[in-house]
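# What the coordinates show
The primary structure of each chain is shown beneath.
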Amino acid sequence: MRIGILTGGGDCPGLNAVIRAVVRHSVKNYSSEVVGYLEGWRGPVENLVMPLTLRTTDSIINKGGTILRTSKCNPFKMERGPERIHESMEKNNLTALIAVGGDETCNIANRMHKEHNLNVVCVPKTIDNDLNATDFTFGFDTAVNVVAEAIDRLHTTAESHNRVLVCEVMGRYAGWIACWGGIAGGADFILVPERPVVINQVVEAIKKCHARGRDYSIVVVAEGARLDTDEPRPVSDNGSGDRAEIVSGVGERLAKLIGEKTGYETRATTLGHIQRGGSPTAFDRVLATRFGVHAVDLVHQNKFGRMVALRGNEVIDVPVEDAVDKLKTLDLELYKVAEVFFG
Ligand code: F6P
């Protein structure tokens, strides 16, 4: 059997670990071959392929990004996109496709399976951890570790200069990275999209901190969090035909308001793509590897239209449609734990 694999959406630590696992398990245990499609869904539409062998996928478990590169290309917005995917699969003699990606990639895979009979299996990735039907996605643990380390470093300056330091983190419309990273870094306030707060709550917490003799504070804000003073979110076009809302910039706005309302020197740091870059943590390498192995097993059991998932500590599989119908937002029980340390 010959299997195709693509990585779609934003890059994420652990993608190469999945590719390596898919190739190793296929070649070693199923005598199958694997072909890599380049640049997300553009690969099968435009027939951009790269042979994957044990040699070319050796020593990549620790590498960030994806050797297949990625894009946010949507075949349903391209002329004869779905038909061209089938043509490319036939041309390369592929029986099935493994699509590694977040909600957009899985959504496309789901439609390709349902509407165009594509033999596809999904592997969930995103640093945001906002995909439904899986407890964790790989990439998240790496991002959280980056945030925790960054907050540790911010503490040094905050403490030395008596400053309030605001740290803006990624996560799109979910507060998972902010909440985990903020708890791990000992944040004095965390703002997430799931729990809107008015600016005076943040200000009061910071003042309380300072009143008990701690002359600095760390505030973590998720990029998707809204301030009560914010205008409606603008919309941008990223050039590929996909419309994506701009979700960053809240850190600077928040820092300005805190500075004005408290009189304390307040600065913002936006961590941005640093959270997605570099080597995956051991947890993400292992999770990505387990996902890759399970995805290959699904292909050989003809279980298509499925997505691998983590439930507790077990790798299972679910209908891919379960993952795409709505976002997995932050568990508010976890936010309650974070609140214990506010102010
Ligand atoms: O989904 C992952 C993510 O890093 C989000 O946290 C962030 O909002 C978005 O991607 C940024 O995407 P881009 O790199 O395309 O600007």
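Residues numbered from 1 in each chain as written. Predicted model: local features only at pLDDT ≥ 70, side-chain atom pairs only at ≥ 80, totals over all residues. Heavy atoms only, no water.

### A look at the overall build of the protein
Stated precisely, the cut-off is as follows: The numbering of helices and of strands both runs from the N terminus, where a helix is a DSSP run of H or I of at least 4 residues and a strand a run of E of at least 2. In this setup the radius of gyration rests on C-alpha atoms only. A globule is expected at 2.2 Å times the number of residues raised to 0.38. The rule is simple: take the accessible area with a 1.4 Å probe, protein chains only, and divide by the maximum for that residue type; under 20% is buried, over 50% is exposed, in between is partly exposed. Two residues qualify as a contact provided that any one of their heavy atoms is within 4.5 Å of a heavy atom in the partner residue.
Check the secondary structure of the protein and you find 11 helices and 13 strands. Here the C-alpha atoms of the protein give a radius of gyration of 22 Å, agreeing with the 20 Å that 2.2 N^0.38 yields for 343 residues. Expressed along its principal axes, the backbone C-alpha trace of the protein runs to roughly 70 × 35 × 30 Å. When the 343 residues of the protein are sorted by exposure, 54% land in the buried category. Of the contacts formed within the protein by residues at least 6 apart in sequence, a portion of 74% connects residues at least 24 apart.

### Focus on a nonpolar patch on the surface
For clarity, the cut-off: Nonpolar side chains (Val, Leu, Ile, Met, Phe, Trp, Tyr) within 5 Å and like charges within 9 Å form the patches, drawn only from residues with over 30% relative accessible area and no salt bridge. Areas reported here follow the Shrake-Rupley algorithm with a probe of radius 1.4 Å; residue values treat only the protein chains shown as occluding. By definition, a salt bridge exists where a carboxyl oxygen of Asp or Glu is found within 4 Å of a side-chain nitrogen of Lys or Arg.
Residues Ile183, Val337, Val340 and Phe341 make up a contiguous nonpolar surface patch of roughly 360 Å² in combined accessible area. Examined against the element boundaries, phenylalanine 341 turns out to sit in the segment after α11 (332-339).

### Things to note about the pattern of salt bridges
Enumeration over the complete set of coordinates arrives at 19 salt bridges. Glutamate 321 is the partner of lysine 114 in a salt bridge, and the nearest nitrogen-oxygen pair spans 1.8 Å. Of this pair, lysine 114 sits in helix α4 (residues 103-116) while glutamate 321 sits in helix α10 (residues 320-324), and the two are 207 residues apart along the sequence. With a closest N to O distance of 2.6 Å, arginine 153 and glutamate 149 form a salt bridge.

### What to know about the site of the ligand
Selection criterion: Near residues are defined by distance, with any heavy atom within 4 Å of the molecule or strand qualifying the residue. Polar contacts, as counted here, are pairs of nitrogen or oxygen atoms within 3.5 Å of one another; within protein the pair requires one atom able to donate a hydrogen and one able to accept it, and residues that are adjacent in sequence qualify only if both atoms are side-chain atoms. Each residue is assigned to one class: nonpolar for Ala, Val, Leu, Ile, Met, Phe, Trp, Tyr, Cys and Pro, charged for Asp, Glu, Lys and Arg, and polar for all the others, Gly among them. Throughout the structure description, domain borders are defined by an automatic or database domain assignment.
Around the ligand there are 10 residues in total, and Lys72, Asp128, Glu223, His273 and Arg276 lie nearest to it. Contact between the ligand and glycine 171: an oxygen atom at 3.0 Å from a main-chain N or O atom of the residue. In the environment of the ligand, an oxygen atom lies 2.5 Å from a nitrogen or oxygen atom belonging to the side chain of glutamate 223. Protein burial of the ligand: of its 400 Å² of free accessible surface, 75% is covered by the chains. Within the shell around the ligand, the residues separate by chemical class into three nonpolar, two polar and five charged. The residue makeup of the shell around the ligand includes at least three contributed by each of domain 1 (2-138 + 280-324) and domain 2 (143-276).

### Some words on the environment of leucine 54
Among the secondary structure elements, leucine 54 is positioned in the loop between β3 (49-52) and α3 (81-91). A C-alpha to C-alpha distance of 30 Å links leucine 54 and aspartate 128, two positions 74 residues apart in sequence. Setting aside residues up to four positions removed in sequence, leucine 54 forms contacts with Val23, Arg24 and Val27.

### What about the sheet that holds strand β6 (residues 164-169)?
Formally: At least two bridges found by DSSP between two strands are what make those strands a pair. Axes here mean lines fitted to C-alpha atoms, for a helix over just the part in contact, with angles spanning 0 to 180 degrees between N-to-C directions.
Strand order in the open sheet formed by four strands is β7-β8-β6-β11, and the pairing between neighbours is parallel. A strand with exactly one partner marks an edge of an open sheet, and here the two such strands are β7 (189-191) and β11 (266-270). Across the sheet, the axes of successive neighbouring strands diverge by a mean angle of 20°, strand direction being ignored. Where β6 meets strand β8 (residues 217-222), six bridges bridge the pair, whose relative direction is parallel. Note that in β8 the partner of leucine 165 across the bridge is isoleucine 218. Sheet contacts for helix α5 (residues 140-161): β6, β8 and β11; angle to β8, the most-contacted strand, approximately 145°. Along the sheet face, helix α8 (residues 250-262) touches β6, β7, β8 and β11 and points at about 170° away from the line of β11.

### Quick look at the pairing of strand β2 (residues 33-37)
Along any regular strand, the residues point their side chains to alternate faces of the sheet. Keep this limit in mind: Handedness rule for crossovers: strands pointing away from the viewer, path from the first strand over the helix to the second running clockwise, crossover right-handed.
For β2, the buried fraction is high: four of the five residues fall into the buried class. Pairing of strand β1 (residues 2-7) with β2, which is carried by four bridges, proceeds in the parallel orientation. Looking at the pairing, isoleucine 5 lines up with glycine 36 of β2. With helix α1 (residues 15-30) bridging β1 and its parallel neighbour β2, the resulting β-α-β unit is right-handed. Sheet analysis places β2 next to β3, joined by four bridges and oriented antiparallel. Bridge pairing in β3 links glycine 36 to methionine 50.

### A few points about helix α9 (residues 282-300)
To keep things clear, this is the line we draw: Given a helix with a known number of residues, its expected span is that number minus one, times 1.5 Å.
With 19 residues, α9 extends 28 Å from end C-alpha to end C-alpha; this agrees with the ideal 27 Å at 1.5 Å per step. Turning to α9, its buried residues number three or more, namely Asp284, Leu287, Ala288, Phe291, Gly292, His294, Ala295, Val296, Asp297, Leu298 and Val299. Backbone geometry just downstream of α9 places asparagine 302 in the positive-phi region, at approximately 55°.

### Things to note about the packing of aromatic side chains
How we decide: Ring geometry is summarised as follows: Phe, Tyr and Trp rings, the Trp one being its six-membered ring, pair when their centres sit within 6.5 Å, and such pairs are stacked at plane angles under 30 degrees, edge-to-face over 60 and tilted between the two. Only Lys NZ and Arg CZ are tested; either one counts as a charge over a ring when it is within 6 Å of the ring centre and within 35 degrees of the ring normal.
Per the counting criterion, the structure on display carries seven aromatic pairs. On the basis of an interplanar angle of 25° and a centroid distance of 5.9 Å, the ring pair of phenylalanine 136 and phenylalanine 140 is categorised as stacked. By relative accessible area, phenylalanine 140 is classed as buried at 2%. Over the ring of phenylalanine 76 we find arginine 111; its NZ or CZ atom is 3.8 Å from the centre of that ring. Cation over ring: arginine 214 sits above tyrosine 216, and NZ or CZ is 4.2 Å from the ring centre.

### As for the sheet that holds β1
The strands that make up a sheet are held in pairs by hydrogen bonds between backbone atoms, and each pair lies either parallel or antiparallel. Strand order in the open sheet formed by seven strands is β3-β2-β1-β4-β5-β12-β13, and the pairing between neighbours is mixed. Whereas interior strands pair on both sides, the edge strands pair on one side only; in this sheet they are β3 and β13 (314-319). Each neighbouring strand pair of the sheet contributes to a mean axis angle of 30°, computed without reference to strand direction. Against the sheet, α1 engages β1, β2, β3, β4 (96-101) and β5 (120-124), with an angle of about 175° to β1.

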